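# Tertiary structure, described
What follows is the residue order along each chain.
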Amino acid sequence: MAKRPTRVHGPASRFTDVSEEMGLAFAHQHNREGRFEDISDKAWIAQSRGSMGIAVADEDRDGDLDIVCTHWVGDVPALYRNGMERNGRLFFVDAASKTGIDLLPRDLVGWAAGFVDTTGSGDLDLLIINGHTNAARFEDATLAPQKGYLLTRKSRNGYAIRPPGTSPAEPFDEPLVGRSAAFSDLDHDGALDVLVGVNNGQARIWKGVRPPNEENAHWIEIELVGSVTNRDAVGSVLVLDPEGMKRLETVASGTSFFATSSRIRQFGLGSRTTPVTVEVRWPGGYRELFANLGVNRVHRLIEGSGS
Ligand SMILES: [Ca+2]
Ligand SMILES: [Ca+2]
């Protein structure tokens, strides 16, 4: 009887927890006792997709912050709309399908994302930077470039995707192996500009061009300076017209992907030319009002100098 061969065992396999990279543990809420609680499941935002970029803004202008996540190939971006303001508890619903974002091509590998008001109306458009992680051809290791997409706002519940070949060409029509984007009004003309990071390539600066109807595209930009809280005011929330329109902007660090956008936050005001009031919710919770702020300029608001 033949002797049964002895199996040779190599080192045991090891496993690495990649759940954070895959977006499984997503939302953490501060419990006001110095710790964060994972609320991903009960906030309906747990996901197991390959997530890269993130953009946070009150996208639908209903008074709470919404989240866009970009994903790896085969999956469109998610738009997690916040139900907090209307329902009193924190939960999110993916509105990618409702708003038309799910009509983006599924071969895109989405990286940076940012909300930009390209019309000066106060409505936010969405710019997404793409670029593959795989080579374009088997015999050539060069990564496949992909064009960026600007999704322009049609209505509160809808975006329009710029069709291929639309004239005039925009810089994001050029296929790039895009990775990062930082958003800032570099020349303080009221139009946001974009610095784009490219894998193994030269960075781009895309200057925003003021919309042709400038009389309906007024704006205001706010820089916060903390004196009691952190000097950069990271974690602060700006509320435009707290008694009226109640629009939000946040001061954050490490936005989008591999980039940090300007801490100077912008509100598009449309045809409005009268001074505005801004409420600042500083980190830690206390609120301060800054009134009579003129339009079409940058204001530097120092903690403690308001009312
Ligand atoms: Ca919202
Ligand atoms: Ca500019």
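Above this note sits the structure.
Residues numbered from 1 in each chain as written. Chains lettered and ligands numbered in written order. Predicted model: local features only at pLDDT ≥ 70, side-chain atom pairs only at ≥ 80, totals over all residues.

### Some thoughts on the overall build of the protein chain
Where we set the bar: A run of DSSP states H or I qualifies as a helix once it reaches four residues; a run of E qualifies as a strand once it reaches two. Both are numbered from the N-terminal end. The burial criterion counts other C-beta atoms lying within 10 Å of a residue's C-beta, which is placed from the backbone; the residue is buried at 20 or more, exposed at 12 or fewer, and partly exposed between these limits. Note that contacts rest on C-beta atoms placed from the backbone: two residues are in contact if these are within 7 Å.
The helix and strand inventory of the protein chain stands at two helices and 22 strands. A buried classification covers 34% of the 307 residues belonging to the protein chain. Contacts in the protein chain between residues far apart in sequence, at least 24 positions, make up 52% of those at least 6 positions apart.

### Considerations on the pairing of strand β17 (residues 237–240)
For the record, the criterion: Any two strands with at least two DSSP-identified bridges between them are counted as paired.
Bridge analysis of β17 against strand β18 (residues 247–250) gives four bridges, and the strand direction is antiparallel. Note on β18: the bridge partner recorded for Leu238 is Glu249. A loop of six residues connects β17 with β18, the two strands running antiparallel in sequence, and Asp241 in this loop sits at a positive phi of about 50°. Taken together, the four bridges between β17 and strand β20 (residues 276–281) define a ladder with antiparallel strand orientation. Across the sheet, Leu240 pairs through a bridge with Val278, a residue of β20.

### Comments concerning the pairing of strand β7 (residues 110–116)
With respect to burial, β7 is a largely interior element, seven of its seven residues being buried. For β7 and strand β8 (residues 125–130), the ladder comprises five bridges, and the chain directions are antiparallel. Considered in β8, the bridge of Gly110 is made with Asn130.

### Some points on the sheet that holds β18
This is how the line gets drawn: With axes taken as lines fitted to C-alpha atoms, and helix axes fitted only over the stretch in contact, angles between N-to-C directions fall between 0 and 180 degrees.
If you walk across this open sheet you meet the four strands as β18-β17-β20-β21, and the pairing is antiparallel. The open sheet has two edge strands, β18 and β21 (287–293), and neither has a second partner. Sheet twist, expressed as the mean angle between neighbouring strand axes with direction ignored, is 25°.

### Some thoughts on the environment of Phe183
Within the secondary structure, Phe183 is located in strand β13 (residues 178–184). Among the residues examined, Phe183 registers 24 C-beta atoms within 10 Å and is labelled buried. Note: C-alpha distance between Phe183 and Phe115 (68 residues apart in sequence) is 8.9 Å. Apart from residues lying up to four places away in sequence, Phe183 is in contact with Gly114, Val116, Leu192, Val194, Ser261 and Ser262.

### Topic: the environment of Asp94
Along the chain, Asp94 turns up in strand β6 (residues 92–94). Judged by local crowding, Asp94 falls into the partly exposed class, with 19 C-beta atoms found within 10 Å. Aside from chain neighbours lying at most four places away, what touches Asp94 is Ala78, Leu79 and Tyr80.

### Describing unusual backbone geometry
A cis amide bond links Ser167 to the next residue, Pro168, at an omega of -5°. Even without being a glycine, Ala233 presents a positive backbone phi close to 60°. One can find Ala233 in the loop between β16 (218–225) and β17. Its identity as a non-glycine residue notwithstanding, Ser256 has a phi of 60°, on the positive side. Of note, Ser256 is situated in the loop between β18 and β19 (265–270).

### Notes on the sheet that holds β19
The strand order across the open sheet built from three strands is β19-β16-β22, with neighbouring strands paired in mixed fashion. Each end of this open sheet is capped by a strand with a single partner; those strands are β19 and β22 (298–302). Across the sheet, the mean angle from the axis of one strand to that of its neighbour is 25°, orientation sign disregarded. Direction of pairing for β16 relative to β19: antiparallel, over a ladder of five bridges. Residue Glu221 lies in a different strand from β19, and its bridge partner there is Gln266.

### Describing the nonpolar core
In plain terms, the rule: One nonpolar core equals one set of buried Ala, Val, Leu, Ile, Met, Phe, Trp, Tyr and Cys residues connected by C-beta atoms within 7 Å.
Judged by nonpolar contacts, the single largest core of 41 residues is most densely connected at Val68, Ala112, Ala113, Leu126 and Ala181. When contributions to this core are tallied by element, the ones reaching two or more residues are β3 (51–57), β4 (66–71), β5 (78–82), β7, β8, β11 (149–155), β13 and β14 (193–198). Among the nonpolar cores identified, the runner-up in size contains 17 residues, and Ile220, Leu238, Val251 and Val276 belong to it.

### A word on the environment of Leu224
Note on placement: Leu224 falls in strand β16. C-beta crowding within 10 Å serves as the criterion here: with 26 such atoms nearby, Leu224 is assigned to the buried category. When the C-alpha atoms of Leu224 and Ile302 are compared, they prove to be 6.0 Å apart, with 78 residues separating the residues in sequence. In this structure, Leu224 is in contact with Ala233, Ser236, Val251, Val280 and Leu301, ignoring residues within four places of it in sequence.

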